[in-house]
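# Per-entry structural report
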Amino acid sequence: MHAEDLSISDIAAQVGTPFYCYSTDTLIRHYNVFCEAFTGHDFLLCYAVKANSNQAIIKTLADQGAGADVVSEGEMRRVLKAGIPASKIVYSGVAKTEQEMTFALEQGIFQFNVESEPELHQLSRLADSMGKTAAIAFRINPDVDAKTHAKISTGKSENKFGVPWTRAREIYAAAAKLPGIRVQGVDLHIGSQLTDLEPFAEAFRRIVKLIEQLRADGHDISVLDLGGGLGIPYDRETTKPPLPLEYGEMAKNIVGHLGCKIIIEPGRMLVGNAGILVSKVIYVKQGENRKFLIIDAAMNDLVRPSMYDAYHEIVAVKERDGPTSPFDVVGPVCETGDTFARERELPDLAGGDLVAIRTAGAYGAVMSFTYNTRRLIPEVLVKGGEYAIIRSRPDYDDIIGLDILPEWLE
Ligand SMILES: *Cc1c(COP(=O)(O)O)cnc(C)c1O
């Protein structure tokens, strides 16, 4: 198995396992297919950096011209540091604090995607007191079912995100009267890992009607942020999500005539398939009626299977012929939830063999944690025949050293 021109086994021998490995080529290819899908339109791709916010990943996309969708001050600092200008940053999230808004106003970001009336008033007060104007869009909750996992569905009326589409005109009218606020757009994001175009289309049609009404009400709506959410084939046998080109055609057909600057905020689609998690088999354990493949990666390194019941393909790094048999692929953490796959058909693997968990570039490393005092795992970026460690494995002292003994215990 190779990442671009390099053998995964060779990288594993040098870096040690487990580790994430990303391909520069794939990242750039994914960025380009989205841009091609929207050629002919005033268009900005704002990469949703929460999917993978490593500086090297952001910089790779920034160098291609990408903007960023951020959800915290920390992410804003990350993208600015990686070279994305404030003029290409949109800021989403239901809980922007005073401090975070102040930072964003100082930087002069392109757009706040406002998610509630209290947030609007807070932003107005702050911007006015700083002598600044905040360019805003409201994130509209269109109340459509994204038909994805409940934990990553965001566009139903019962979800915490956005303002209800039924109240949008009233809220825009209020915003237009506030100091420090300039209404410029409409935003939505209905969920993640959508594998069907219809929920997008339904939401976009609702938004088109809304924009026509808002314009009739006298608002100058020049930006339409369609959010992210396009799914990827975690299981290539059963899932065939629409291609970016098809997504772009659908979107242009529905919203193109509005003449808005179109923003999209893909995260997963850009980085998911650009990354794998490489892990080593520690033991093969024969249970009473199942075989466990115990590997050195765990739920703390890639939480998606335990958190979202996510499916990831798992393959032997050294391809081998011969019979397969079902394994439960599990990690070392003391939780039954620390399971990557159940009854997965795999070749006859043994301790020391390498496996790759595929499609792990999105919501992998960024969601990792140190449960069981396990060290965060390295991230490696490959470019052609070269690789670089873009996040290193910390020392145990780095983790344990975060604890502070109170005086009375010293
Ligand atoms: C998470 C998120 C995205 C990206 O979603 P993907 O499914 O990774 O494309 C885009 N916009 C907002 C507001 C988000 O919260």
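Residues numbered from 1 in each chain as written. Predicted model: local features only at pLDDT ≥ 70, side-chain atom pairs only at ≥ 80, totals over all residues. Heavy atoms only, no water.

### A look at the pairing of strand S18 (residues 354-357)
Side chains of S18 alternate between two faces, with Leu354 and Ala356 and Val355 and Ile357 buried alike. Sheet topology note: the strand S13 (residues 275-286)/S18 ladder contains four bridges and is antiparallel. Bridging across to S18, leucine 277 finds its partner in isoleucine 357. (Buried < 20%, exposed > 50% of the residue type's maximum accessible area, 1.4 Å probe, protein only. Helix = DSSP H or I, 4+ residues; strand = E, 2+ residues; numbered from the N terminus. Pairing = 2+ DSSP bridges.)

### Focus on the pattern of salt bridges
With the rule as written, the count across this model stands at 17 salt bridges. Between glutamate 119 and lysine 96 there is a salt bridge, with its nearest N and O atoms 2.7 Å apart. You can see glutamate 119 sitting in helix H6 (residues 117-130) and its partner lysine 96 sitting in the loop between strand S6 (89-91) and helix H5 (98-107), a full 23 residues away along the chain. Summarising the burial analysis for this pair, glutamate 119 and lysine 96 share the class buried. (Salt bridge = Lys/Arg side-chain N within 4 Å of Asp/Glu carboxyl O.)

### Some remarks on the site of the ligand
Inspection of the region around the ligand gives 14 residues, with Lys50, Ser192, Glu265, Arg268 and Tyr363 positioned closest. Between the ligand and glycine 229 there is a distance of 2.8 Å, counted from an oxygen atom to a backbone nitrogen or oxygen. The contact in question runs from a nitrogen atom of the ligand to an N or O atom on the side chain of glutamate 265, over 2.5 Å. For the ligand, the cavity whose grid points lie within 2 Å of the majority of its atoms is the largest pocket. (Near = heavy atom within 4 Å. Polar contact = N/O pair within 3.5 Å; in protein donor to acceptor, adjacent residues only side chain to side chain. 1 Å grid on protein atoms, 1.4 Å probe; cavity = no way out; pocket = protein on both sides within 12 Å on 5 of 7 lines; lining within 4 Å. Sits in = over half its atoms within 2 Å of the grid points.)

### Describing the domain arrangement of the chain
Looking at the assigned domains, one finds that the chain contains domain 1 (92-266) and domain 2 (273-399). One C-alpha centre belongs to domain 1, the other to domain 2, and the line joining them spans 35 Å. Opposite the nine residues of domain 1 that make contact, domain 2 presents 11 residues. The junction of domain 1 with domain 2 conceals about 940 Å² of combined surface from both sides, 47% of it contributed by carbon and sulfur atoms. When the buried area of domain 1 at its contact with domain 2 is split by residue, His149, Tyr234 and Arg236 rank highest and sum to 56% of it. In this structure, the connection of domain 1 to domain 2 is made through one salt bridge. The residue glutamate 313 makes a salt bridge to arginine 236 at a minimum N-O spacing of 2.6 Å. Taken together, the residues that form the side of domain 1 that touches domain 2 break down as four nonpolar, two polar and three charged. (Domains from an automatic or database assignment. Contact = heavy atoms within 4.5 Å. Buried area = accessible area lost by both parts, 1.4 Å probe. Nonpolar A, V, L, I, M, F, W, Y, C, P; charged D, E, K, R; others polar.)

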